[in-house]
Amino acid sequence: MKWLRDFRSHGESFPNVCYHRSKLEKYPLFLENNPDFRDRLNIYAREHLQELSTELLYNYVIDVLLPELLKQRQEEENNNNLTVEDILKENGLRTFTVRTMNDWMHKLKYKYSAKTKTYYVDGHENPDTVAYRKQYCTKYIRDELRCFRWFQHV
């Protein structure tokens, strides 16, 4: 009955369901404001999938990405007094922690799961399958003569 209340409360039109999904798809402010940073983080994560962990990405961000972003921003603004903390504050972060990196990984659609092997065989050309198919088609055509048919009389 909740859908009926929603339907009636929106003037007899369906509510915008996609709004809720669009909120889930947004990146954190830091990654939203720095798309090159986000892209480089994704590239590094994909290159190191075998040993990927929150700590690995955290160290990469601290040691490589943040210093490069700081240098780039200092050159853009001609301000050598700009610090990493200032950049973090501009983007809504007080500190950058392993927990922050873990949240970013979830937003970037990385998840931890055990590696499972999957195996699919398309056996439509196996000799056994081809022989059975010929047998089945012959039997079907023979038995089709005994099946009822619906006709439309004009």
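Fair warning: this is a prediction, and the values are worked out from it, not measured in the lab.

Comments concerning the layout of surface pockets
Right, so step 1: Within this model, the largest pocket holds a volume of roughly 510 Å³.
Right, so step 2: Lining of the largest pocket is provided by 14 residues; of these, Leu 49, Leu 52, Lys 111, Tyr 112 and Ser 113 occupy positions nearest its centre.
Right, so step 3: Among the residues forming the lining of the largest pocket, the class breakdown is six nonpolar, six polar and two charged.
Right, so step 4: The computed volume of the second largest pocket comes to approximately 180 Å³.
Right, so step 5: In terms of lining, the second largest pocket is formed by Asn 34, Pro 35, Asp 36, Phe 37, Arg 40, Leu 65, Glu 68, Leu 69, Gln 72, Arg 73 and Glu 76.
Right, so step 6: Looking at the lining of the second largest pocket, the elements that each hand over two or more residues are α4 (35–47) and α5 (54–77).

What to know about α4
Right, so step 1: Taking 1.5 Å as the rise per residue, α4 with 13 residues should run 18 Å; its terminal C-alpha atoms sit 18 Å apart, in good agreement.
Right, so step 2: All buried positions along α4 are accounted for by Phe 37, Arg 38, Leu 41, Asn 42, Tyr 44 and Ala 45. Angularly, the buried residues of α4 cover 165 degrees about the axis, an arc narrow enough to put them on a single face. Exposed and oriented more than 90 degrees from the buried face of α4 are Asp 36, Arg 46 and Glu 47.
Right, so step 3: On its buried side, α4 packs onto α3 (29–33), α5 and α7 (98–107).

Rules used in this analysis
Every residue gets a number counted from 1 within its own chain, in the order that chain's sequence is written. Only residues with pLDDT of at least 70 get local features here, since the model is predicted, and only at 80 or more are side-chain atom pairs given and counted; chain-wide, interface and lining totals rely on the full set of residues. Excluded from the side-chain calculations are hydrogens and water; all other atoms, namely the structure's heavy atoms, are used. Residues are called lining when one of their atoms sits within 4 Å of a cavity or pocket point, these points coming from a 1 Å grid over the protein atoms alone, where a cavity is a set in which a 1.4 Å probe fits but cannot get out and a pocket is an open set with protein on both sides within 12 Å along at least five of seven lines. Grid points are joined across faces, edges and corners, and a volume is the space filled by probe spheres set on the points. Here the nonpolar group is Ala, Val, Leu, Ile, Met, Phe, Trp, Tyr, Cys and Pro; Asp, Glu, Lys and Arg are the charged ones; every other residue, Gly included, is treated as polar. Secondary structure elements follow DSSP: runs of H or I of four or more residues count as helices, runs of E of two or more count as strands, with numbering from the N terminus. By this rule, a helix spans an expected 1.5 Å times one less than how many residues it contains. The classification of residues rests on relative accessible area computed with a 1.4 Å probe and restricted to protein chains. Under 20% of the type maximum is buried, over 50% is exposed, and intermediate values are partly exposed. It is the directions from the helix axis to the C-beta atoms whose arc is reported. In this description, contact between two residues means that some pair of their heavy atoms is separated by no more than 4.5 Å.

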